[in-house]
Amino acid sequence: MGVALTRSAQWTAAGHGAKTLEVTPLNEAIVKEIMMFVESFIYKYPQEANYVFVEPLEWKTNLDPSAFGSGYAVSGTTVKSEEVDKNGEPLLYLSVPKIKIRSFGQLSRMLYIAKSMKLKEAQACIEANRNPVAKILGLDYNIINEKNGNSFVASVLDKMNKDDDPESEIKMKIALQLKQLDLHLLNHSLKHISLEIRLNSGTVKNDIELLKQFSGKGEQTVLESIEYTSDYEFSNGCRAPPWRQIQGEICYVLVKPHDAEILCVTCSKEGVFLNGGKTDDEGQINYERKGEIYKDLVTLLKEKSAIFSENMSKQEVKFSEQLQKDQPNKAPKEEVAVTHKTSITSRKSAQEKNRINLGRSQLTKRLEPSLNWRTSVSSKESRNTLRDTQVEKHGGKLEKSRSSLSPGRAQLIRKSVEKIEEIISDSSSESEEDEEQPDHRQEANADLPSEYWQIQKLVKYLKGGNQTATVIALCSMKDFNLAQETCQLAIRDVGGLEVLINLLETDEVKCKIGSLKILKEISHNPQIRRNIVDLGGLPVMVNILDSPYKSLKCLAAETIANVAKFKRARRVVRRHGGITKLVALLDCGKHSAEPAQSSLYETRDVEVARCGALALWSCSKSYANKEAIRKAGGIPLLARLLKTSHEDMLIPVVGTLQECASEENYRAAIKAERIIENLVKNLNSENEQLQEHCAMAIYQCAEDEDTRDLVRLHGGLKPLASLLTNTDNKERLAAVTGAVWKCSISKENVTKFREYKAIETLVGLLTDQPEEVLVNVVGALGECCQEHENRIIIRKCGGIQPLVNLLVGINQALLVNVTKAVGACAVEPESMMIIDRLDGVRLLWSLLKNPHPDVKASAAWALCPCIQNAKDAGEMVRSFVGGLELVVNLLKSENKEVLASVCAVITNIAKDQENLAVITDHGVVPLLSKLANTNNDKLRRHLAETISRCCMWGRNRVAFGEHKAVAPLVRYLKSNDTNVHRATAQALYQLSEDADNCITMHENGAVKLLLDMVGSPDEELQEAAAGCISNIRRLALAIEKARYS
Amino acid sequence: MDQKVLKRLVESISKSVNSFKKSEIECLIRIFHNLVGRGDIKLANVGLDRNTFRVILHSVFGMTDDVLMNRVFFAFDKDDDNYINVKEWVKGLSVFLRGTFEEKLKFCFEVYYFNGDGYISRERIYDMLKNSLHQQSPGEETDEEIRELVDIALKKMDYDNDGKISFADFEKAVKEDRLLLEVFGPCLPEAKSCLDFEALAFQHILTSSF
């Protein structure tokens, strides 16, 4: 352990004398490993445990003498062990606070006595004895130890031959054990280090460069400034001085956020943290860490500056859009890019070498560390970047902003094929358990339960026994309460997982069955799942799916179902062809011709299919797996299984379908395979979970109109409506209300729902429900409100008040739905009165300030009927302070839907002359004119309506002409949409009151187009077109008249 | 061989063995004769001796454990005359190849308690398990470990806590976990060897039925 301790463990840099171990995860892991080694020593090597150390290990302990029980002589502040060496000296001697121990046996016992303190004791011991090997075995062994491994063994053997006494044999055994531990620790810490490292100079640089781009004065920027402390960049991309690079530090930056003091930040391999800041006099940096370690700069800044995180989230939208646009092109080019990339990197590294050589003259001495560092990082780089994306996805919003912020990072993404797949496979419906949660070893301070030792014994039989002993041990292990975490972790901690997985690779069917039965149980634990994947258990299980023994297949599938609860595992299943095999399991009943072999390992085909479905359900949470299931022909098989009546079977089958129905392909297939019929049938099941999944599947599928009709035709609306009344199970209620919402998009369905009194029930659900339910309920009411009759029902059962109350929420989806529903209600003048009284219009108006464009647009649409139907609307609108200006400014938005909706609002506002005057003052004319060049028919229609309305004031007609709005309007007449034609003709008619506009229209060929419109069956359009032509004609006549007179 | 005698024999055996068709029983009888090595013997009084039977168990059914193979022999040999006669042969194979769960359960128990008083005692278990740990030297330590393993097995299966396993104990334990059927060592052939044997033994029927 000497080497590991000196090289891997992170000692505090500052200390003189007794150094202490820094509190880092790596150190903790090392100490724990050592502790576990010592603890198990007494059981594993009872003989060696009695060996007396050359020198005692000595340290200051916190143990209380009273803690020592039998086997020790306790007197006041001293404790002596009854175990003594040849000279009668005790092997453990405690005289508060110093403790001396001279054998592994006593060390083990001490740790056992220390209980909750044992981690601390172990750490204190390691800290006080910097060279434990020398103390245990004597100095000569230690020297050998320092040499390289091969000569070590040789010299030990040599030694053995020379002096043949038994003690040296034991010594050698211990030396070998320690050597092994050392190797283990090194490996372990390497694993740890490779997990820990996240940042490298490249990623840090990218982050900083990007942040620079978005820094500066002004409100929209994320930061005021961000700068490196040093301009000199080493060849490895680091800016930290070499002696700090050894600590893994990359560079230091000074960051000035808008709302905080200058922050001095250290970027290191381990992460990003605040340091002691720049000392004023010499520009030196106080390197000491002053805060928590964050995983990257953006995360740190988000934590430290509110404005930063706010503005970042604004940038986020823009960038994520950009990023998405980039995505599709990327995949096909992928392979080319990869090969290309490698050639570039190799060339780059050659260049880099040159640079290093150049630099050597100046920096010969300093360069060493920076070089070392480079190699250690680059070898892990690929893995790092991979992890980065993984992390990005998991972290949700926060991470997205980072990936969206950095095109540089996006380039990195292109580097590896895996990553692309990652991004594509990022399924929206995924509720991901946190994959990278820290690994808890058995709590060191917890008293090891008796099960621990019993399980350890059983694992020993698994390792050393033949088939018979193994089966006995497996059966006995199953008797433990495997649902209990202590047992689950105990199995892992004594190395049981490795053995269990190894057993799966043998030919012994019984051992495989026994092992899988245990793995199936303990894989309910998220940590164990990860360990199983890390140990390569999944590919083995996937292979077992081909086994001729059905019960073995079942167990493997069930275990996969448990393990594949997180993305990495699901990917492994897919990569090893697991999806195809699982789909094959669904294909039951066809092979009934098999010999009637009543073997012990057989189960029914149905059971096999059920387990297959269970595993597919877990796997179907990743997009790529959904595709794989479909390609493997899973849908028809699922459809067939759906016809059975076993609930155990139906739940996973419907679960899988529901998960997959988020994909368009699936929805089409579901319709084609007549699955809806069976989904509807199972809504009537007794099982709540089954009902929930069926409703969820209907919710997903009912986006499609035919599907909505199918639900009705198969009588699905009635059970849905009746399920609405059962509000205890919130998950099911959310699914059911979702299905009701989507189904009520079809009018016929709404009529049915009215028959079933579902609308009244929905109104009842507007209060005291979780948001997931509310979104759906309000969405459904919004659809119902499209009909007059239903609006009355909603008003009569008091639905308006709770709806208006929901306008103050923050959930985006909910707000979109609520505004829509309120808007639909406002069509009814009587309802409008209630809304007005509840101040609903003001609430709607303030939603125009919501950051989400969907909410803005939806609120604006809802305002239109409000203004139309409010009594004394003009006065009401004017009463909102700053309201008109707000609306006019929304014309600067870039979102077409927002623009169209705002135009519609302005059309309604402008009906009031006084308000029209106000918005004219706010510059509505130039803003509208600027929008005129658009191809979006919806916007065109509402824009034309607004323009025609705004012409009614002052010299606005002339102003529109001056702002060149007329020519584009004429082009609208070439659109295919009659609504656009009507609105445009009316606008042109208004504009043609001005002579200059008439000339522009004529020049742009309006007359011919308008002449066609006169022949339209739409009377309003006819009239407007005719009026416009007559204005143009009249002008022409007047000119002619003037010319001839 | 005399067809009449054969027919009569088939008839009489088929009364007590249901899992084989008559044609299959005929095949098994033929095989028995080939194994015994004499085609013309008086059918009732000769049979396979222990060594021949062990060779069969080993080569056809892939068994390896000598102790257990002996016991399987005795489990086949119902009348304890140290020979397996043709009836015992067919009956035993019916359990081997097509035995129901209950039949196999009974068979295994017979193999394990062998010659005892109807119980599997601690000593018997020790005998059966003593070679079950891979250890270089069967020293003191291994012995201790095996005793512990015996304890574990007893703890698992001895429901009435009388220190031995009765048939009721055995039945209950195995029904709870079928893996325990061959708990003290393999005494039934693997499914694959069964299929192979059947394919080989009954190929004559399969081809001639067309």
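Conventions used here
Residues numbered from 1 in each chain as written. Chains lettered and ligands numbered in written order. Predicted model: local features only at pLDDT ≥ 70, side-chain atom pairs only at ≥ 80, totals over all residues. Heavy atoms only, no water. Axes fitted to C-alpha atoms, helices over the stretch in contact; angles between N-to-C directions. Helix = DSSP H or I, 4+ residues; strand = E, 2+ residues; numbered from the N terminus. Parallel < 35°, antiparallel > 145°, perpendicular 65-115°, else oblique. Left-handed = near helix turned anticlockwise from the far one by under 90°. Contact = heavy atoms within 4.5 Å. Nonpolar A, V, L, I, M, F, W, Y, C, P; charged D, E, K, R; others polar. UniProt positions renumbered as here; feature names shortened; annotations may be inferred. Disulfide = S-S within 2.5 Å. Pairing = 2+ DSSP bridges.

Under the annotation held in an unreviewed UniProt entry, chain B carries the name EF-hand domain-containing protein and is attributed to Rangifer tarandus platyrhynchus.

You'll find chain A entered in an unreviewed UniProt entry as Armadillo repeat containing 4, with Rangifer tarandus platyrhynchus given as the organism.

**Considering the packing of helix 18 (residues 467-478) of chain A against helix 21 (residues 509-522) of chain A**
Each pair of packed helices can be summarised by the angle the axes make with each other and by the distance between the axes. Residues and elements named next belong to chain A. Where helix 18 meets helix 21, the closest approach of the two axes is 9 Å, and the angle between their N-to-C directions is 20°. The angle between the axes of helix 18 and helix 21 places the two elements in the roughly parallel class. Helix 21 is crossed by helix 18, and the crossing has left-handed handedness. In contact with Gln467, Thr470, Val471, Leu474, Met477 and Lys478 of helix 18, helix 21 contributes Lys510, Cys511, Gly514, Ser515, Lys517 and Ile518. Residue composition of the contact of helix 18 with helix 21, grouped by class: five nonpolar, four polar and three charged.

**Structural notes on the UniProt feature "domain: EF-hand" (unreviewed entry) in chain B**
Residues and elements named next belong to chain B. Under the present numbering, the feature "domain: EF-hand" (unreviewed entry) in UniProt falls on residues 68-96, 104-132 and 149-177. Each end of residues 68-96 is marked by a C-alpha atom, and these two atoms are 15 Å apart; helix forms 69% of the span and strand 0%. For the annotated span residues 149-177, helix accounts for 66% and strand for 7% of the residues, and the straight-line distance between the end C-alpha atoms is 18 Å.

**Section: the state of the cysteines**
Within the structure shown, the criterion is met by zero disulfides over all chains. This cysteine, cysteine 238 of chain A, is not joined by any disulfide, and cysteine 251 of chain A carries the nearest cysteine sulfur, 7.6 Å off.

**Brief notes about the UniProt feature "repeat: ARM" (unreviewed entry) in chain A**
All names here are of chain A. The sites that carry the UniProt feature "repeat: ARM" (unreviewed entry) are, in the present numbering, residues 536-578, 882-924, 964-997 and 1005-1032. Secondary structure across residues 964-997 comprises 71% helix and 0% strand; the distance between its end C-alpha atoms is 9 Å. Span residues 1005-1032 is 82% helix and 0% strand, its end C-alpha atoms 12 Å apart.

**Here we look at the sheet that holds strand 5 (residues 98-101) of chain A**
Residues and elements named next belong to chain A. In space, the five strands of this open sheet follow the order 1-5-4-3-2, with antiparallel pairing throughout. Each edge of the sheet is formed by a strand with only one pairing partner; in this case those strands are strand 1 (57-60) and strand 2 (72-75). Here the average twist between neighbouring strands, direction ignored, is 10°. Relative to strand 5, strand 4 (residues 92-95) is paired through four bridges, and the arrangement is antiparallel. Residue leucine 92 lies in a different strand from strand 5, and its bridge partner there is isoleucine 101. Taken strand by strand, helix 4 (residues 104-114) contacts strand 1, strand 2, strand 3 (78-81), strand 4 and strand 5, and its axis lies near 140° from that of strand 5.

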